[in-house]
Amino acid sequence: MNLDRSVLVFAGSMILISLVLSQLLSPAWLLLTAWIGVVMFQSAFTGFCPAAILFRKLGVKPGSAFR
């Protein structure tokens, strides 16, 4: 799995987890969903993605989007 797909899997998983937690525990978990959306939005324009940096340091092979 390359870096691009790893970031997408991570973001999607975090969104689903936060949605489940908001239903089971507290609606405040929707703030995590909103934060992920904000980070994804700014990443599209700036190219800065904290998850991509983390996965790169973990040795995930680069893809075409995050170089």
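Asker: How should the packing of helix α1 (residues 3-24) against helix α3 (residues 50-57) be read in this particular structure?
Answerer: A pair of packed helices can be characterised by two numbers: the angle between their axes and the separation between those axes. The contact between α1 and α3 brings their axes to 9 Å, and the two run at 125 degrees. One finds that α1 runs oblique with respect to α3. Where α1 crosses over α3, the handedness of that crossing is right-handed. Seen from α1, the contacting residues are Leu3, Ser6, Val7 and Phe10; seen from α3, they are Ala51, Ala52, Phe55 and Arg56. Of the residues that constitute the contact of α1 with α3, the class distribution is six nonpolar, one polar and one charged.

Asker: Help me understand the packing of α1 against helix α2 (residues 30-46), please; the structure alone is not making it clear to me.
Answerer: Their axes nearest at 7 Å, the elements α1 and α2 cross at an angle of 160 degrees. Put simply, α1 runs roughly antiparallel to α2. Remark: the crossing between α1 and α2 carries left-handed chirality. Contact with α1, carried on its side by Ala11, Met14, Ile15, Ser18, Leu19 and Ser22, involves Leu30, Leu32, Thr33, Ile36 and Met40 of α2 and no other residues of that element.

Asker: Honestly, a nonpolar patch on the surface in this entry has me stumped. Any pointers?
Answerer: Nonpolar side chains collect at one region of the surface, where Val20, Leu24, Leu25 and Trp29 lie side by side and expose about 430 Å² of accessible area between them. Tracing the backbone shows valine 20 in helix α1. Taking relative accessible area as the criterion, valine 20 reaches 46% and is therefore assigned partly exposed.

Criteria and thresholds
Residues numbered from 1 in each chain as written. Predicted model: local features only at pLDDT ≥ 70, side-chain atom pairs only at ≥ 80, totals over all residues. Heavy atoms only, no water. Axes fitted to C-alpha atoms, helices over the stretch in contact; angles between N-to-C directions. Helix = DSSP H or I, 4+ residues; strand = E, 2+ residues; numbered from the N terminus. Parallel < 35°, antiparallel > 145°, perpendicular 65-115°, else oblique. Left-handed = near helix turned anticlockwise from the far one by under 90°. Contact = heavy atoms within 4.5 Å. Nonpolar A, V, L, I, M, F, W, Y, C, P; charged D, E, K, R; others polar. Patch = residues over 30% accessible without salt bridge, like charges linked within 9 Å, V, L, I, M, F, W, Y side chains within 5 Å. Areas by Shrake-Rupley, 256 points an atom, 1.4 Å probe, with all protein chains shown as cover. Salt bridge = Lys/Arg side-chain N within 4 Å of Asp/Glu carboxyl O. Buried < 20%, exposed > 50% of the residue type's maximum accessible area, 1.4 Å probe, protein only.

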